[in-house]
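# Coordinate inspection notes
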Amino acid sequence: MDARRHAPADGLYEVGRRPAFAAYVVEAWRRRGFALTLAGYRLIGGLLQNRLGVLWIVLKPVLTAMIYGTIFGFVLAPAARPADFVPYVLTGVFVFEFFTGCFSGGARSITGNARLVQSLGFPRILLPLSVVAEQVMRIVPTMLLLGILLLVFGVPITWSWLLVIPILALMAVFNFGVALIVARMSVWTRDVQQFIPIINRVLFYVSSVFFQVDLVFADNPLLLTIAHSIPTYDFIALVRGVMLVDHPAPLLAVILAPLWAVLALVVGVVYFWHAEARYGLSE
């Protein structure tokens, strides 16, 4: 009896061969627990290496906001700074950290797990998924701290704060799609990973983390529209819109954010799946 004849019926496929898309997605969903477990172990393992442990989850975005907020507080013209500059910066930095963690981690998700990829058979899409899951675990205490800091700086708490949950869930979908894209690109050429910090820095500055694009580009509708179309800006604007009453999200951001999430997910999953049979072969 040839076992290869019965393998497809049992949901198995040959090593080095790309499975059918539907079967691949179903298998990945069935094994999602592996991604969550891997994310938890990686999070705990990384924190245990530091003396401050879990505190680094919240210390990193706080220190980033303090450093850049202080610098830009002096550099930016008063007209470009909102009246509530500190809450504005804190919200922008905390949300942007969610993206950078998924973006940078996604780029290393396959290449950084070469032994796992070569020794075990599983849908490789679970590795970028575990990166996003880890960042979701990080963003929960981070957003709780953000809420406390906003209260300290006089921002009133409202029921609209609860909308942060679906917004960040939507952003997680977008981050997952982006992580899949850079994960495959990094396998194709490691040089991609060298560009990740540069791209992060550019997005950091163009996502209106420190200044109000509506004020800076008030006289240039084209640049304002381009700024409102940047995905990272859109998600930051949505979070600010529900947490900071003086900064409602522009309509374009409300429309584009879910579109960016769906587009990134579809393109990311298909693009990543197309190279499934080649992951680990060149490691």
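Above this text you will find the structure in question.
The structure presented is a predicted model; accordingly, all values stated were derived computationally and were not measured.

### A look at helix 2 (residues 21-30)
Looking at helix 2, one finds that the buried residues are Tyr 24, Glu 27 and Ala 28. Here the buried residues of helix 2 occupy an arc of 100° about the axis, which is enough to place them on one side. Exposed residues pointing more than 90 degrees away from the buried face of helix 2 are listed as Ala 22, Val 26, Trp 29 and Arg 30.

### Description of the packing of helix 7 (residues 126-152) against helix 8 (residues 164-188)
Axes are the key here: two packed helices are described by the angle between their axes and the distance separating the axes. Close contact between helix 7 and helix 8 brings their axes to 9 Å; oriented N to C, the two are set at 150°. With respect to the hand of their crossing, helix 7 and helix 8 are arranged in right-handed fashion. Together, Pro 128, Leu 129, Val 132, Val 136, Ile 139 and Met 143 of helix 7 and Val 164, Leu 168, Ala 172, Asn 175, Phe 176, Ala 179, Leu 180 and Ala 183 of helix 8 make up the contact between the two elements. Looking at side-chain class alone, the contact of helix 7 with helix 8 contains 13 nonpolar, one polar and no charged residues.

### Describing the packing of aromatic side chains
Here the structure, examined in full by the defined rule, presents nine aromatic pairs. Ring geometry for Phe 99 and Phe 174: centres 6.2 Å apart, planes at 25°, overall stacked. Of the two residues, Phe 99 sits in helix 5 (residues 85-108) while Phe 174 sits in helix 8, which places them 75 residues apart along the sequence. Here the two residues Phe 99 and Phe 174 agree in accessibility, since each one is buried. Aromatic rings pair up to connect Phe 96, Phe 99, Phe 103, Phe 174, Phe 204, Tyr 205, Phe 210 and Phe 235 into one cluster. Just above the ring of Trp 29 sits the side chain of Arg 32; from NZ or CZ to the centre is 4.0 Å. In this structure, Arg 201 packs its charged tip against the face of Phe 204, placed 5.1 Å from the ring centre.

### Some thoughts on unusual backbone geometry
Most peptide bonds take the trans form, and the phi angle of most residues other than glycine is negative. The phi dihedral of Ser 208 falls on the positive side, at around 60°, and the residue is not glycine. With a relative accessible area of 0%, Ser 208 lands in the buried category.

### Notes on the side chain of Thr 232
Topologically, Thr 232 is positioned in helix 12 (residues 231-243). Of the residues examined, Thr 232 reaches a relative accessible area of 2% and is grouped as buried. Not counting residues within four places of it along the chain, the set of residues in contact with Thr 232 comprises Phe 96, Phe 99, Leu 203 and Ser 207.

### Brief notes about a nonpolar patch on the surface
Judged by side-chain polarity, Phe 195, Ile 198, Ile 199, Val 202, Tyr 205 and Val 206 come together as a nonpolar surface patch covering roughly 520 Å² of accessible area. Mapped onto the elements, Tyr 205 comes out in helix 9 (residues 191-206).

Here is what the cut-offs are and how they apply
- Residues numbered from 1 in each chain as written.
- Predicted model: local features only at pLDDT ≥ 70, side-chain atom pairs only at ≥ 80, totals over all residues.
- Heavy atoms only, no water.
- Buried < 20%, exposed > 50% of the residue type's maximum accessible area, 1.4 Å probe, protein only.
- Helix = DSSP H or I, 4+ residues; strand = E, 2+ residues; numbered from the N terminus.
- Arc of directions from axis to C-beta.
- Axes fitted to C-alpha atoms, helices over the stretch in contact; angles between N-to-C directions.
- Left-handed = near helix turned anticlockwise from the far one by under 90°.
- Contact = heavy atoms within 4.5 Å.
- Nonpolar A, V, L, I, M, F, W, Y, C, P; charged D, E, K, R; others polar.
- Phe/Tyr/Trp six-rings, centres within 6.5 Å; stacked < 30°, edge-to-face > 60°.
- Lys NZ or Arg CZ within 6 Å of the ring centre and 35° of its normal.
- Patch = residues over 30% accessible without salt bridge, like charges linked within 9 Å, V, L, I, M, F, W, Y side chains within 5 Å.
- Areas by Shrake-Rupley, 256 points an atom, 1.4 Å probe, with all protein chains shown as cover.
- Salt bridge = Lys/Arg side-chain N within 4 Å of Asp/Glu carboxyl O.

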